[in-house]
Amino acid sequence: MPQQTIGFIGAGRMAQALAKGFVSAGLVGADGLRASDPSAEALAYFADLFGKGAGRESNTQVAQESDVLFVATKPQYVESVLAEVRKSLDAKKLVVSIAAGTTLRKIEAAAGDGVPVVRVMPNTPCLVGSGACAYALGSAATAEHGGRVAELLGAVGAAHEVAEPLLDAVTGLSGSGPAFIYTVIESLADGGVRAGLPRALAADLAARTVAGAAQMVLQTGEHPAALRDAVTSPGGTTIAGLAELEKNGLRSALVEAVTAAARRSAELA
Ligand SMILES: NC(=O)C1=CN([C@@H]2O[C@H](COP(=O)(O)OP(=O)(O)OC[C@H]3O[C@@H](n4cnc5c(N)ncnc54)[C@H](O)[C@@H]3O)[C@@H](O)[C@H]2O)C=CC1
Ligand SMILES: O=C(O)[C@@H]1CCC=N1
């Protein structure tokens, strides 16, 4: 990929996760990053991670200096920050919005005619190179623009192109999903502590069990039910635990969690 400057309007948690992932993957040097944020705290954290050179006083400066401009504010500010920088945008720039819910139609209207826009739903595991992301192309975005976004996201995890209407479901599953799984990990660890393990050991075993099970699904390509059957001995320990999960509605709780998060994403539009 040719040397490029990547800007972030909004230097909060998701911007930091993506920027750190891009730098770790060698896609951009710290001198190729720009960020603006009204929060001195967010900007200071960004500067601590990448050096003081990245911060800019205004969103317009970031837009002017960036080839790829990530809009990483909360959804309610996306249109106003794009309206603010729109004079600095043209067909040579690429605008990438990561906001939940905000539609391509709204982003394009705010960015201006002919500006290539890609709407992305990333997740925070991009920070450690294990992101699960999806993206949809705007009307002025070409396959080449899609390829650039796929390359950036591919360096920090997996990236799938989808039709825009699917992005609400993606948001509910992989965008919000890490929070659901942290809750699962914390609960598994609590179970371990209840059964007598020291807290630190229980927390480590819980996280590795979730990571290992996920890798089994991804690397073997087997159906999760087949992998589960391989753990479950007749009359053994696992079936005793699974019966409790069924009784207490784990499946239904997770289905409803993803559905509610997807619904909320659609509402934000
Ligand atoms: N945190 C997550 O797991 C994910 C977040 N997202 C999306 O990423 C976006 C950012 O979310 P977070 O990083 O979690 O929020 P955050 O609150 O950590 O970061 C947003 C940043 O935008 C800044 N900001 C507010 N007004 C601004 C303005 N006018 N100009 C420049 N910066 C401004 C805030 O000061 C803040 O630092 C949201 O739209 C969210 O939907 C998407 C996927 C996952
Ligand atoms: O909670 C949120 O609205 C954002 C979008 C996906 C994950 N975090």
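Everything numeric in this text was worked out from a predicted model, so none of it was measured.

Asker: Looking at this structure, how should I read the environment of L188?
Answerer: Mapped onto the elements of the fold, L188 is located in helix 8 (residues 177-194). Distance in space between the C-alpha atoms of L188 and A202 is 7.9 Å, their sequence separation being 14 residues. Filtering out sequence-adjacent residues up to four positions away, L188 remains in contact with A206 and V210.

Asker: Explanation requested: the UniProt feature "domain: Pyrroline-5-carboxylate reductase dimerisation" (unreviewed entry) in the chain in the structure shown.
Answerer: Under the local residue numbering, the UniProt record ascribes the feature "domain: Pyrroline-5-carboxylate reductase dimerisation" (unreviewed entry) to residues 164-268. The span residues 164-268 shows a helical share of 84% and a strand share of 0%, and its end C-alpha atoms are spaced 14 Å apart.

Asker: I tried to follow the nonpolar core on my own but got confused; where do I start?
Answerer: Soluble globular proteins tend to pack their nonpolar side chains together in the buried interior. Core analysis: the biggest nonpolar cluster contains 33 residues, and I6, F8, L18, F22, L33, F46 and F70 have the highest contact counts within it. For this core, the element with the highest residue contribution is helix 1 (residues 13-24), accounting for six residues. Of all hydrophobic cores here, the second largest spans 24 residues; its members include I9, V71, V85 and A99.

Asker: What am I meant to see in the sheet that holds strand 1 (residues 6-9) here?
Answerer: Sheet strands line up and pair through hydrogen bonds in the backbone, either parallel or antiparallel. In space, the seven strands of this open sheet follow the order 2-1-3-4-5-6-7, with mixed pairing throughout. The open sheet has two edge strands with one neighbour each: strand 2 (33-36) and strand 7 (157-161). Each neighbouring strand pair of the sheet contributes to a mean axis angle of 25 degrees, computed without reference to strand direction. Note: strand 4 (residues 94-97) against strand 5 (residues 117-121), three bridges, orientation parallel. In the sheet register, V96 faces strand 5, and the bridge partner there is V118. Sheet strands in contact with helix 5 (residues 104-111) are strand 4, strand 5 and strand 6 (131-137), and its direction is about 140 degrees off that of strand 5.

Asker: Any chance you could explain the site of ligand 2 here in plain terms?
Answerer: Inspection of the region around ligand 2 gives A100, G175 and S176 as its neighbouring residues. Contact with the protein chains removes 45% of the 240 Å² of surface that ligand 2 exposes when unbound.

Quick notes on the rules
- Per chain, residues are indexed from 1 in the order of the written sequence.
- Both sets of labels track the order of writing: A upward for chains, 1 upward for ligands.
- With pLDDT at 70 or above as the cut-off, local features in this predicted model cover only qualifying residues; side-chain atom pairs require 80 or more to be listed or tallied, and sums for whole chains, interfaces and linings still use all residues.
- With hydrogens and water excluded, all non-hydrogen atoms of the structure serve as input to the side-chain values.
- Segments assigned H or I by DSSP are reported as helices when at least four residues long, segments assigned E as strands when at least two residues long, and all are numbered from the N terminus.
- Residues are treated as being in contact if the distance between any of their heavy atoms lies within 4.5 Å.
- UniProt positions are given in the numbering used here, feature names are shortened, and annotations may be inferred rather than shown by experiment.
- The term nonpolar core refers to a set of buried residues drawn from Ala, Val, Leu, Ile, Met, Phe, Trp, Tyr and Cys, joined through side-chain atoms within 4.5 Å.
- Each residue is assigned to one of three classes by its accessible area relative to the maximum for its type, calculated with a 1.4 Å probe on protein chains only: buried under 20%, partly exposed between the two thresholds, exposed over 50%.
- Think of it this way: DSSP has to see at least two bridges between two strands before they count as a pair.
- Orientation is described by lines fitted to C-alpha atoms, with helices fitted over the stretch in contact, and by angles between N-to-C directions that extend from 0 to 180 degrees.
- Nearness is defined per residue: one heavy atom within 4 Å of the molecule or strand is enough.
- Note on areas: Shrake-Rupley, 1.4 Å probe, and residue coverage restricted to the protein chains presented here.

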